[in-house]
Amino acid sequence: MHIRPTAFLDTPLFTTMAARSIQENGTIALPFGTGRTSPVAVDDVARVVATVLRAPAPHIGKVYELTGPRSVDMTELTEEFSRALGRPVSYVDVPPERWEAQLPKLGMPPHLEQHVATMAQLHRDNRYNRTADGVERVTGIPAQTIEAFVAARKDFYLG
């Protein structure tokens with residue numbers, strides 16, 4: 001059995017980096033270009049894994065693709081943030097080189113900086129543009145929306 005999540009909503013891209021720029025100037029500033037994404041919450045992935053571990057037999061040989069409920073471009077993503085936070089949030093497409101030059105200032109270990117930079121490239125290349133119903137198929141509960149994820153962490157994003 002294989003569990004294949006897409007990008008996590010809980011990554012620095014959509015959490016600490018987004019919170020910082022939302023607080024500073026009401027934007028999410030990332031180098032994603034026009035790429036689409038379908039991030040999934042770690043809680044949803046954990047529910048899938050727990051369900052499989054409780055009764056593994058029916059899952060043997062299966063592959064579960066785990067994504068959020070829909071694929072969005074960054075404008076659509078910031079619209080979900082705006083609704084969740086009750087304030088305007090817009091997307092700023094930052095040139096990749098300029099964005100990557102700022103990563104060392106965030107205090108991440110070098111291997112995490114490289115991972116985050118690779119994820120940004122994959123977003124630009126539209127590699128996260130897919131949706132699947134794996135979360136709901138395994139757990140019976142749909143994957144969390146970006147809006148619901150952000151609304152549950154409103155204080156974190158607004159500071």
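Higher on the page you've got the structure.
Residues numbered from 1 in each chain as written. Predicted model: local features only at pLDDT ≥ 70, side-chain atom pairs only at ≥ 80, totals over all residues. Heavy atoms only, no water.

A. Structural detail: the environment of T139. Looking at where T139 falls in the secondary structure, it is placed in helix 6 (residues 134-139). Taking C-alpha positions, T139 is 29 Å from G35, a pair spaced 104 residues apart along the chain. With sequence-adjacent residues up to four places away left out, T139 is seen in contact with R47, V48 and T51. A polar side-chain atom of T139 sits 2.7 Å from the main-chain carbonyl oxygen of V135. A polar side-chain atom of T139 sits 3.1 Å from the main-chain carbonyl oxygen of I141. (Helix = DSSP H or I, 4+ residues; strand = E, 2+ residues; numbered from the N terminus. Contact = heavy atoms within 4.5 Å. Polar contact = N/O pair within 3.5 Å; in protein donor to acceptor, adjacent residues only side chain to side chain.)

B. Layout of the packing of aromatic side chains. Tallied over the entire structure, the rule returns three aromatic pairs. With a centroid separation of 6.1 Å and 80° between ring planes, the pair formed by F14 and F32 is classed as edge-to-face. Here F32 lies in the loop between strand 2 (27-30) and helix 2 (42-54) and F14 lies in the loop between strand 1 (2-5) and helix 1 (16-25), a separation of 18 residues in the sequence. Aromatic side chains F156 and Y157 sit 5.1 Å apart centroid to centroid with 80° between the ring planes, which places their arrangement in the edge-to-face category. Through a chain of ring-to-ring contacts, three or more aromatic side chains come together here, namely F81, F156 and Y157. Just above the ring of F149 sits the side chain of R153; from NZ or CZ to the centre is 3.7 Å. (Phe/Tyr/Trp six-rings, centres within 6.5 Å; stacked < 30°, edge-to-face > 60°. Lys NZ or Arg CZ within 6 Å of the ring centre and 35° of its normal.)

C. Region of the structure containing the nonpolar core. In this structure, L13, I28, L30, F81, W99 and Y157 are the most contacted members of the largest nonpolar core, which totals 33 residues. Elements supplying a minimum of two residues to this core: helix 1, strand 2, helix 3 (74-85), helix 5 (110-124) and helix 7 (146-151). Considering every element that reaches this core, the biggest residue donor is helix 3, with five residues. With near-sequence residues (within four places) excluded, Y157 lies in contact with F14, T15, A18, A19, I22, Q23, F81, L85, F149 and V150. Of all hydrophobic cores here, the second largest spans nine residues; its members include V40, V48, V52 and V138. (Core = buried A, V, L, I, M, F, W, Y, C linked by side-chain atoms within 4.5 Å. Buried < 20%, exposed > 50% of the residue type's maximum accessible area, 1.4 Å probe, protein only.)

D. How the structure looks around the side chain of T37. You can see T37 is positioned in the loop between strand 2 and helix 2. A polar atom in the side chain of T37 sits 2.9 Å from the side chain of H123. When neighbours within four sequence positions are excluded, T37 is seen to be in contact with F14, R70, S71, V72, L77, H123 and Y128.

E. Geometry of the pairing of strand 3 (residues 63-66). Alternating residues of strand 3 divide into Y64 and L66, all buried, and V63 and E65, none buried. Where strand 1 lies against strand 3, four bridges are found, and the strand directions are parallel. Across the sheet, residue H2 finds its bridge partner in strand 3, namely V63. (Pairing = 2+ DSSP bridges.)

F. Looking closely at the pattern of salt bridges. Inspection of the entire model under this criterion finds nine salt bridges. Between D133 and R137 there is a salt bridge, with its nearest N and O atoms 3.1 Å apart. On the basis of relative accessibility, which here comes to 46%, the residue D133 falls in the partly exposed class. If you follow the salt bridges from partner to partner, you end up with R4, E65 and R130 in one network. (Salt bridge = Lys/Arg side-chain N within 4 Å of Asp/Glu carboxyl O.)

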